Protein chains: 2
Amino acid sequence: MEIMNPAEIEKASFAIISEQLGDRQLIPENTSVIKRVIHTTADFDYADNLVFSDTAVRLAKDALRAGAHLVTDTKMALAGISKKALEQLGCTACCFIDTPAVVERARAEGCTRALAAVDMAAEVLADPVIFVVGNAPTALIRLHQLVSEQGLAPALIIAVPVGFVNVVESKEMILKLDVPHIVARGRKGGSNVAAAICNALLYETTDRRL
Amino acid sequence: MEIMNPAEIEKASFAIISEQLGDRQLIPENTSVIKRVIHTTADFDYADNLVFSDTAVRLAKDALRAGAHLVTDTKMALAGISKKALEQLGCTACCFIDTPAVVERARAEGCTRALAAVDMAAEVLADPVIFVVGNAPTALIRLHQLVSEQGLAPALIIAVPVGFVNVVESKEMILKLDVPHIVARGRKGGSNVAAAICNALLYETTDRRL
């Protein structure tokens, strides 16, 4: 076993992923996101599962160049996003799930904290905003409502919750929206996948390419 | 789509997982860990991939009851571990990857920060210690060395890095150790899987069962 540094390991890993994807036709603009999610999961299902709205990646990169605010539904996804890349681009990332006002609102309204956190983000964050959802179907259901009924216009919705209940359905709702989105169709996804998608977009924008 | 609260969703999800596992024979002691990892990933491969040393779960629960220190290789895994359950048991969780002394030691010794962080944990944490590795093969390689050459005796090693380079080999090294371990054999794993295993063990110990 040859000991390599993390940068060498990453490069070698992406070479293996590219080789294993073979002559599969991927849309070039979406390739780095797909490969980074496979790198994060060792699961090639994501080459099929990930669905991108037209120009989602290009629009996301525009938003990042404009200093977007990324808001995640879990602290785990937040922990996985590259702080160095955010800083380099003048972007921020936050998570409102434990914010006292959100906890209180969820209690008062009898909704999930994930839903109340979406409301708070929609109210307090200036455009452009990227919603990063790796866990909570209720966050997606609320986002669908805010976009379709109240004109919320996120720069991007990353819709990749994992699970067995309401997950597939909530992601299908986002797929129908006329808003830039990246969705992991089906049951799979998670906070790690959400963070990987953010990092792929950030690295592309900062020209840390693979 | 019926809107349920998170506890109801979790219960319904585990019922679906149990149903889909069918009449598969799992060792009863290991079942809650396996199911929680599947819950976290929607990936049933883990019913095959997860390898437990004899009585690993029982010994881990003993360690948690004795106020174990959990040390993770990433802040993402740390973020995913239930703080409420840790507190209830008088356990702690930490991650040394960004600790200045670790950063400095990695630079001075030309090793990865993950490796230097294992050394620091081995030096500063009192027994019982649970090593939680969801990302860094070098952390496992160093743990193998400390256990086999220097008599380090962790209460448990959770060895679940994900990836394509040195990952499979480093996990096979841990499988050969005569130390309690839970290993995700093969390429798959990750910080989410690492946190899910910790949470399954914590919940079992606090009698938050499913």
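Criteria and cut-off values
- Residues numbered from 1 in each chain as written.
- Chains lettered and ligands numbered in written order.
- Predicted model: local features only at pLDDT ≥ 70, side-chain atom pairs only at ≥ 80, totals over all residues.
- Heavy atoms only, no water.
- Helix = DSSP H or I, 4+ residues; strand = E, 2+ residues; numbered from the N terminus.
- Rg over C-alpha atoms; globule rule 2.2 N^0.38 Å.
- Buried < 20%, exposed > 50% of the residue type's maximum accessible area, 1.4 Å probe, protein only.
- Areas by Shrake-Rupley, 256 points an atom, 1.4 Å probe, with all protein chains shown as cover.
- Lys, Arg positive; Asp, Glu negative; His and termini not counted.
- Charge placed at Lys NZ, Arg CZ, Asp CG, Glu CD.
- 1 Å grid on protein atoms, 1.4 Å probe; cavity = no way out; pocket = protein on both sides within 12 Å on 5 of 7 lines; lining within 4 Å.
- Points joined across faces, edges and corners; volume = space filled by probe spheres on them.
- Nonpolar A, V, L, I, M, F, W, Y, C, P; charged D, E, K, R; others polar.
- Contact = heavy atoms within 4.5 Å.
- Buried area = accessible area lost by both parts, 1.4 Å probe.
- Salt bridge = Lys/Arg side-chain N within 4 Å of Asp/Glu carboxyl O.
- Polar contact = N/O pair within 3.5 Å; in protein donor to acceptor, adjacent residues only side chain to side chain.
- Pairing = 2+ DSSP bridges.
- Right-handed = clockwise from strand over helix to strand, strands pointing away.
- Least-squares fit on C-alpha atoms with pLDDT ≥ 70 in both.
- Axes fitted to C-alpha atoms, helices over the stretch in contact; angles between N-to-C directions.
- Parallel < 35°, antiparallel > 145°, perpendicular 65-115°, else oblique.

Visitor: Residue-level account of the overall build of chain A, with values.
Guide: The helix and strand inventory of chain A stands at 11 helices and six strands. For chain A, the C-alpha radius of gyration of 17 Å lies close to 17 Å, the compact-globule estimate for 210 residues. C-alpha extents for chain A along the principal axes are approximately 55 × 35 × 30 Å. A buried classification covers 62% of the 210 residues belonging to chain A. Total accessible area on chain A is roughly 8,900 Å²; 50% of this is exposed by carbon and sulfur atoms. Taking the average place of the 21 positive charges on the side chains of chain A and the average place of its 25 negative ones, the gap between the two points comes to 2 Å.

Visitor: An account of empty space enclosed by the protein is needed here, citing residue identities and associated values.
Guide: Scanning the model with the defined rule gives three cavities of 30 Å³ or more in all. Roughly 100 Å³ of internal volume is contained in the largest cavity. Tallied by class, the residues present in the lining of the largest cavity amount to two nonpolar, six polar and four charged.

Visitor: I'd like a rundown of the interface of chain A and chain B, residues and numbers included.
Guide: Across the boundary between the two partners, chain A contributes 38 residues, which contact 38 residues of chain B. Here chain A packs against chain B, burying approximately 2,900 Å² in sum over the two surfaces, 74% of which is carbon and sulfur. It is A:Met1, A:Met76 and A:Phe164 in chain A that bury the most area against chain B; as a group they hold 25% of the surface buried on that side. Our enumeration of links across chain A and chain B arrives at zero salt bridges. There are three residue pairs in polar contact (both at pLDDT 80 or more) connecting chain A and chain B. Put simply, the parts of the chain that give the side of chain A that touches chain B at least two residues each are helix 1 (6-21), helix 2 (31-41), helix 5 (75-80), helix 10 (167-175) and helix 11 (191-205) of chain A. The dominant element in the side of chain A that touches chain B, judged by the number of residues it contributes, is helix 1 of chain A, at seven residues. Of the residues that constitute the side of chain A that touches chain B, the class distribution is 19 nonpolar, 13 polar and six charged.

Visitor: Talk me through the pairing of strand 5 (residues 156-159) of chain A; I want residue IDs and the actual numbers.
Guide: Residue and element names in this part refer to chain A. Residues of strand 5 alternate between two faces, with Leu 156 and Ile 158 on one and Ile 157 and Ala 159 on the opposite face, all of them buried. In terms of strand pairing, strand 4 (residues 129-133) meets strand 5 through four bridges, oriented parallel. Within the sheet, the bridge partner assigned to Ile 130 lies in strand 5 and is Leu 156. Read as a crossover between parallel neighbours, the route from strand 4 over helix 9 (residues 137-150) to strand 5 is right-handed. For the crossover from strand 5 across helix 10 to strand 6 (residues 181-184), the handedness is right-handed.

Visitor: Please set out the relation of the copies chain A and chain B residue by residue, giving values where relevant.
Guide: Copy one and copy two of the chain differ by a rotation about a common axis and a shift along it. Mapping chain A onto chain B is achieved by rotating through 180 degrees and translating by 0.0 Å along the same axis, at an RMSD of 0.0 Å. The superposition of one copy onto the other is thereby described by a two-fold rotation axis. Considering only C-alpha atoms, the part of chain A nearest the rotation axis is A:Met76, at 2.7 Å.

Visitor: Talk me through the side chain of B:Thr40; I want residue IDs and the actual numbers.
Guide: Take B:Thr40: it is sitting in helix 2 (residues 31-41). The residues contacting B:Thr40, other than those within four sequence positions of it, are A:Val162, A:Gly189, B:Asn192 and B:Ala196.

Visitor: Give me the lowdown on the pairing of strand 4 of chain A, citing residues and values where you can.
Guide: Each regular strand displays side chains that alternate between the two surfaces of the sheet. Residue and element names in this part refer to chain A. The element strand 4 is extensively covered by neighbouring structure, given that five of its five residues are classed as buried. Along strand 4, one buried face is formed by Val 129, Phe 131 and Val 133 and the opposite face, lined by Ile 130 and Val 132, is buried too. The pairing of strand 2 (residues 69-72) with strand 4 spans four bridges and is classified as parallel. Bridge assignment links Thr 72 to a residue of strand 4, and that residue is Val 132.

Visitor: If you had to explain the environment of B:Ala93 to someone new, which residues and values would you point to?
Guide: Within the secondary structure, B:Ala93 is located in strand 3 (residues 92-95). C-alpha of B:Ala93 to C-alpha of B:Ser170: the two residues are 77 residues apart in sequence and 23 Å apart in space.

Visitor: Just give me the short version of the packing of helix 1 (residues 6-21) of chain B against helix 2 of chain B, but keep the residues and values in it.
Guide: All names here are of chain B. Look at helix 1 against helix 2: their axes get within 10 Å of each other, and the N-to-C directions meet at 110 degrees. One element, helix 1, and the other, helix 2, form an angle in the roughly perpendicular class. On the side of helix 1, the interface is formed by Glu 10, Ser 13, Phe 14, Ile 17, Ser 18 and Leu 21, while helix 2 contributes Lys 35, Arg 36, Ile 38 and His 39. Here the residues of the contact of helix 1 with helix 2 are counted per class, giving four nonpolar, three polar and three charged.

Visitor: Can you explain the sheet that holds strand 3 of chain B? Please cite residues and give values.
Guide: Residue and element names in this part refer to chain B. Strand order across the open sheet formed by six strands is 1-6-5-4-2-3, with mixed pairing between neighbours. Looking along the sheet, the strands with just one partner apiece sit at the ends: strand 1 (50-52) and strand 3. Ignoring which end each strand starts from, the neighbouring axes of this sheet average 15 degrees apart. Judged from the three bridges that link them, strand 5 (residues 156-159) and strand 6 (residues 181-184) form a sheet pairing that is parallel. Its bridge partner lying in strand 6, Ile 157 is registered against His 181. Lying on the sheet, helix 10 (residues 167-175) is in contact with strand 1, strand 5 and strand 6; it crosses strand 6 at an angle near 155 degrees.

Function cannot be inferred from these measures alone, as they are strictly geometric.
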